Amino acid sequence: MTPPNWQNVQSLPVADIEIEERLRIASDTAVASIVSSIQEVGSILQPLLVRRVKTGYRLMDGLHRLTAAKQVGLEEVPVKVSDCTNDQAIRIEVDANVAGAPLTPLDMAVFLAAHKELYERENPEAAQGKAGAHGRWNATDIMSVASFSANAAEVFGKGDRHIRRLISVGEKLSKAEIAQLRSAPNRVQFKDLEQIAKCGEQADRSAICAALGAGEAKTAKEVLDRKKAPGAAVLSPLDQQIAKLKDAYSRAQKSARREFVRLHCDELVELIHEISLEEEDAAEVVSFASKREAAQ
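Everything quoted here is computed from the prediction, not taken from an experiment. (Residues numbered from 1 in each chain as written. Predicted model: local features only at pLDDT ≥ 70, side-chain atom pairs only at ≥ 80, totals over all residues. Heavy atoms only, no water.)

Visitor: So, the confidence of the model for the protein: which residues are in play, and what are the values?
Guide: Confidence in the prediction of the protein, expressed as mean pLDDT, is 78, and 74% of residues score 70 or more. Between the elements of the protein, mean pLDDT differs from a low of 44, seen in helix α5 (residues 129-138), to a high of 93, seen in helix α2 (residues 63-72). Within the model, the stretch residues 285-296 combines pLDDT values under 50 with zero contacts to residues more than four positions away or in other chains. (pLDDT = per-residue confidence, 0-100. Helix = DSSP H or I, 4+ residues; strand = E, 2+ residues; numbered from the N terminus. Contact = heavy atoms within 4.5 Å.)

Structure below.
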């Protein structure tokens, strides 16, 4: 079969694109998430795929994007135009919907957390207090988290409470922990991320990420069960505090770290000086002992 001939990306009026019977209907929640994105960036970023027909242009891939464009009132959308047969058009529609790699639960957690962070950065009042928390999940503002959460809930067949846990995981995980989970020989499942979301201690989360990433455990529950086993090591209060500080520092942006150092500069300098004196004293003790042993 001769491959379809694709033209360069161009724009077409929304009204000029025909929609015939589709193999897949548009999802309201998926459309809502695209609407939020269009309202934020001002346009559709990924071109729609259309074919040239006698009556004009007919859609092959991009039903959700086209539906969202109509809802927000876009006059034109970016497209790639092809002169292809009807059979080729069906193949393109199938490949676009089936062959595309779906988001994993981990990817969805990371993307949702990033989206929530962007939303709260643009709407700082949404991150303040209980009223703000309520607004985050029911907002109709530009780029609201609600529409993206609803889409994720539909994709994974989960309720709102589960999706909130997914976002919580994305917020808690450091870049290193995400890398560990992505390198895991067994794909991290939704239930594993839920276990991570429930972890009260950073040490537990780190242990799960390390074990799954190294293939030393198949599930997050398995890791936690091992830690609860008789004889398992228990972190001291000091170690727990250190773990929490390390976790907060690793997840903070560089600008936040700089501001923290600026605010606590005097105290940090004093602590560094104390550590330096302790190390000097330790070095002197070792040196003195060595001299005495050499003289004997």
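Visitor: Describe in detail the pattern of salt bridges, supporting the description with residues and values.
Guide: Here the structure, examined in full by the defined rule, presents ten salt bridges. Glutamate 20 is paired through a salt bridge with arginine 58; the nearest N and O atoms lie 3.3 Å apart. Pair noted here: glutamate 20 is in the loop between β3 (17-18) and α1 (28-41) and arginine 58 is in strand β5 (residues 56-61), with a separation of 38 residues, a long-range link. A salt bridge links arginine 226 to glutamate 222, with the nearest nitrogen and oxygen atoms 2.5 Å apart. (Salt bridge = Lys/Arg side-chain N within 4 Å of Asp/Glu carboxyl O.)

Visitor: So what's going on with the packing of aromatic side chains? Residues and values would help.
Guide: By the definition in use, this model includes zero aromatic pairs. It is arginine 257 that lies over the ring of tyrosine 249; its NZ or CZ is 4.2 Å from the centre. (Phe/Tyr/Trp six-rings, centres within 6.5 Å; stacked < 30°, edge-to-face > 60°. Lys NZ or Arg CZ within 6 Å of the ring centre and 35° of its normal.)

Visitor: So what's going on with the packing of α1 against α2? Residues and values would help.
Guide: With their axes 9 Å apart at the nearest point, α1 and α2 run at an angle of 60° to one another. Classified by the angle between their axes, α1 and α2 sit oblique to one another. Viewed along their axes, α1 and α2 form a crossing whose handedness is right-handed. Between α1 and α2, the contacting residues are Ala30, Val31, Ile34, Val35, Ile38 and Gln39 on the first element and His64, Arg65, Thr67, Ala68, Ala69, Gln71 and Val72 on the second. Looking at side-chain class alone, the contact of α1 with α2 contains eight nonpolar, four polar and one charged residues. (Axes fitted to C-alpha atoms, helices over the stretch in contact; angles between N-to-C directions. Parallel < 35°, antiparallel > 145°, perpendicular 65-115°, else oblique. Left-handed = near helix turned anticlockwise from the far one by under 90°. Nonpolar A, V, L, I, M, F, W, Y, C, P; charged D, E, K, R; others polar.)

Visitor: An account of α2 is requested, with residue identities and associated values reported.
Guide: The complete set of buried residues in α2 reads Leu63, His64, Arg65, Leu66, Ala68 and Ala69. Check the buried side of α2 and you find it contacts β3, α1, β4 (48-53), β5 and β6 (76-83). At the C-terminal side of α2, glycine 73 shows a positive phi close to 85°. (Buried < 20%, exposed > 50% of the residue type's maximum accessible area, 1.4 Å probe, protein only.)

Visitor: Describe the layout of surface pockets, with residues and values.
Guide: Its boundaries defined by the atoms lining it, the second largest pocket holds a volume of some 500 Å³. Every residue lining the second largest pocket is counted, 17 residues in all, and those nearest its centre are Glu117, Gly170, Glu171, Leu173 and Arg251. Residue assignment for the lining of the second largest pocket shows that the elements contributing at least two residues are α4 (105-122), α7 (160-172), α8 (175-182) and α12 (237-251). Its residues assigned to classes, the lining of the second largest pocket comprises six nonpolar, four polar and seven charged. (1 Å grid on protein atoms, 1.4 Å probe; cavity = no way out; pocket = protein on both sides within 12 Å on 5 of 7 lines; lining within 4 Å. Points joined across faces, edges and corners; volume = space filled by probe spheres on them.)

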